[in-house]
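Results of the structural survey
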Protein chains: 2
Amino acid sequence: MSVVGSGERRVRKQRSDGERSRQAILREAAKLATTEGLTGLSIARLADAVGMSKSGLFAHFGSKEELQLATIEAASEIFDEEVVTPALVETTGIGRLRALAENFLRHVEARVFPGGCFFASVAAEMDTHPGPVRDRAIQMTDAWFTGLLAAVRDAQAEGAVDPAEDPGQLAFELNAYLLMANAAFVAMDSTVPLAAARRAIDRRLS
Amino acid sequence: MSVVGSGERRVRKQRSDGERSRQAILREAAKLATTEGLTGLSIARLADAVGMSKSGLFAHFGSKEELQLATIEAASEIFDEEVVTPALVETTGIGRLRALAENFLRHVEARVFPGGCFFASVAAEMDTHPGPVRDRAIQMTDAWFTGLLAAVRDAQAEGAVDPAEDPGQLAFELNAYLLMANAAFVAMDSTVPLAAARRAIDRRLS
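Remember, predicted model here, so these are calculated numbers, not experimental data.

Further remarks concern the overall build of chain A. If you tally the helices and strands in chain A, you get nine helices and zero strands. Its helices and strands taken in sequence order, chain A reads α-α-α-α-α-α-α-α-α from the N to the C terminus. Within the span of chain A, comprising 206 residues, buried residues form 39% of the whole. By sequence separation, contacts in chain A at least 24 residues apart represent 61% of the contacts at least 6 residues apart.

With that settled, the discussion passes to the relation of the copies chain A and chain B. Taken as rigid bodies, chain A and chain B are interconverted by a rotation of 180° and an axial shift of 0.0 Å, the fit giving an RMSD of 0.0 Å. When the rotation and shift are considered jointly, the pair of chain copies conforms to a two-fold rotation axis. Taking the C-alpha atom as reference, chain A places A:Ala176 closest to the rotation axis, 2.5 Å from it.

Attention shifts here to helix H8 (residues 167-188) of chain A. Residues and elements named next belong to chain A. If you check H8, its first and last C-alpha atoms are 31 Å apart, about what 22 residues at 1.5 Å a residue would give, namely 32 Å. Taking burial as the measure, the 22 residues of H8 include 18 buried ones, the bulk of the element. One or two steps after H8, the chain reaches Asp189, where phi turns positive at roughly 55°.

Each partner contributes residues to the interface: chain A has 28 residues there, and chain B has 28 residues. Looking at which element gives the most residues to the side of chain A that touches chain B, the answer is H8(A), with eleven residues. Across the side of chain A that touches chain B, the residue classes tally to 15 nonpolar, ten polar and three charged.

Residues A:Met180 and B:Met180 are the most contacted members of the largest nonpolar core, which totals 120 residues. If we ignore the near neighbours within four places in the chain, the residues touching B:Met180 are A:Phe172, A:Asn175, A:Ala176, A:Leu179, B:Pro193 and B:Ala197.

What follows deals with the environment of A:Glu82. Considering the arrangement of structural elements, one finds A:Glu82 in helix H4 (residues 64-87). In this structure, the C-alpha to C-alpha distance between A:Glu82 and A:Thr128, residues 46 residues apart in sequence, is 28 Å.

Moving on, we come to the packing of helix H6 (residues 118-126) of chain A against helix H7 (residues 132-158) of chain A. All names here are of chain A. Running from N to C, H6 and H7 point in directions that differ by 135°, and their axes come no closer than 9 Å. With respect to H7, the axis of H6 lies oblique. Crossing of H6 against H7: the hand is left-handed. On the side of H6, the interface is formed by Phe119, Val122, Ala123 and Met126, while H7 contributes Val133, Arg134, Ala137, Ile138, Met140, Thr141 and Trp144. Grouping the constituent residues of the contact of H6 with H7 by class yields nine nonpolar, one polar and one charged.

This paragraph deals with the packing of H4(A) against helix H5 (residues 93-109) of chain A. Residue and element names in this part refer to chain A. Between H4 and H5, the least distance of the axes is 8 Å, while the angle of their chain directions is 165°. On the basis of the axis angle, H4 is roughly antiparallel to H5. Two packed elements cross with a definite hand, and for H4 against H5 that hand is right-handed. Across from Glu82, Val83, Pro86 and Ala87 in H4, the residues of H5 making contact are Arg96, Ala99, Leu100, Asn103, Phe104 and His107. Taken together, the residues of the contact of H4 with H5 sort by class into six nonpolar, two polar and two charged.

Another point: unusual backbone geometry. At A:Arg111, a position not held by glycine, the phi torsion is positive, near 50°. Here A:Arg111 lies in the loop between H5 and H6. Residue A:Arg111 is classed as partly exposed on the basis of its 13 C-beta neighbours within 10 Å. Backbone geometry at B:Asp189 places phi at a positive 50°, although glycine is not the residue there.

Turning our attention to the environment of A:Leu69. Residues and elements named next belong to chain A. You can see Leu69 is positioned in helix H4. You can call Leu69 partly exposed: it has 18 C-beta atoms within 10 Å. Here the alpha-carbon distance between Leu69 and Val186, two residues 117 residues apart in the chain, equals 24 Å. The contact partners of Leu69, leaving out residues within four places of it in the chain, are Pro132, Val133 and Arg136.

The next point concerns H6(A). The buried fraction of H6(A) amounts to nine of the nine residues, a majority that puts the element mostly inside the structure. Burial in H6(A) covers these residues: A:Phe118, A:Phe119, A:Ala120, A:Ser121, A:Val122, A:Ala123, A:Ala124, A:Glu125 and A:Met126.

Conventions and cut-offs
Residues numbered from 1 in each chain as written. Chains lettered and ligands numbered in written order. Predicted model: local features only at pLDDT ≥ 70, side-chain atom pairs only at ≥ 80, totals over all residues. Helix = DSSP H or I, 4+ residues; strand = E, 2+ residues; numbered from the N terminus. Buried ≥ 20, exposed ≤ 12 C-beta atoms within 10 Å, placed from the backbone. Contact = placed C-beta atoms within 7 Å. Least-squares fit on C-alpha atoms with pLDDT ≥ 70 in both. Expected span 1.5 Å × (residues − 1). Nonpolar A, V, L, I, M, F, W, Y, C, P; charged D, E, K, R; others polar. Core = buried A, V, L, I, M, F, W, Y, C linked by C-beta atoms within 7 Å. Axes fitted to C-alpha atoms, helices over the stretch in contact; angles between N-to-C directions. Parallel < 35°, antiparallel > 145°, perpendicular 65-115°, else oblique. Left-handed = near helix turned anticlockwise from the far one by under 90°.

If you want it as structure tokens, here you go:
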């Protein structure tokens with residue numbers, strides 16, 4: 001093994017540790033944001049939650065806004081891993097549509113974030129606060145809706161959903177059941193709203 | 001006019017001015033709460049918003065929690081005036097159900113609160129913060145749902161809605177359209193989601 005080779009490996013390992021630590025911090029930040037809000041996500045509070053010094057966190061994130069934006073990206077990765085990516089193995093539009101909805105409800109039920117869906121929580125908080133953080137949060141909820149809409153259109157092309165339906169209207173209604181289930185699950189601490197959303201989706205897609 | 005009589009009138013007028021001023025402060029507080037959250041509703045920030053001294057506000061509300069609870073009551077009065085009470089003139093269950101939904105959408109569209117429905121905003125914020133403020137906010141959203149449910153049941157008794165429908169399921173779905181419309185109206189600053197909710201409600205009740 002050459003010295004250069006070993007040096008390269010060491011550098012790579014260091015980077016990878018730094019990356020892991022950054023990801024771990026951001027996952028904690030995303031959880032905190034669903035209870036305290038992105039606005040309540042101060043570097044001081046996060047330092048407490050992850051057991052690091054404030055100066056250590058400042059080395060990772062230069063400003064509160066940088067931390068907020070990085071937290072949104074981390075939450076988006078989690079959401080993709082748990083909800084979106086597993087639905088992409090479905091070979092039909094209707095299959096993808098049902099999988100997106102079911103994966104969303106399972107993600108909420110698993111309490112990955114204590115305040116429920118990260119994006120519902122953050123969009124509701126930031127919608128009246130213009131700026132890059134709000135814009136990024138809204139972009140994420142738009143991308144989710146666009147994914148639902150594409151699956152509805154594919155399901156229509158396959159004949160699994162009536163082609164006469166307005167796809168935007170159907171996607172709105174399905175998304176409404178999911179958002180309501182998320183809000184009521186957290187507020188009531190009960191799975192009854194998740195079951196109600198499943199029935200509503202079955203009925204609407206049958 | 002006796003001295004006693006004139007004194008009584010003065011006392012009554014003072015009380016009434018105090019009441020008016022308190023209501024005006026609380027309406028401002030309710031607006032602020034839909035953008036900054038009930039948690040962000042500090043006596044200092046509210047003093048700025050209403051142009052009063054902090055000590056003047058402390059005379060009205062002894063603590064932040066008292067202010068938060070009073071703000072919820074004030075928002076509830078506004079909601080009742082604009083959404084619930086006008087629907088009660090309807091003589092049928094189906095009429096009341098449609099009026100509750102339509103009044104809600106108009107209340108959101110009128111931007112009475114800059115962050116949309118006060119209770120959707122506050123319930124989403126407080127759901128993970130146990131205590132009397134959370135409990136009161138959740139009670140208010142429960143009361144709204146109970147009102148929808150009662151109207152659905154009356155509409156079933158009249159034969160305007162299929163008696164075989166699960167009334168809780170139907171109320172869940174209607175409430176979901178309203179909550180989605182509220183969230184998307186504020187996030188997108190567009191009336192498109194309000195129109196989508198109207199179509200969804202018409203379809204579901206036809």
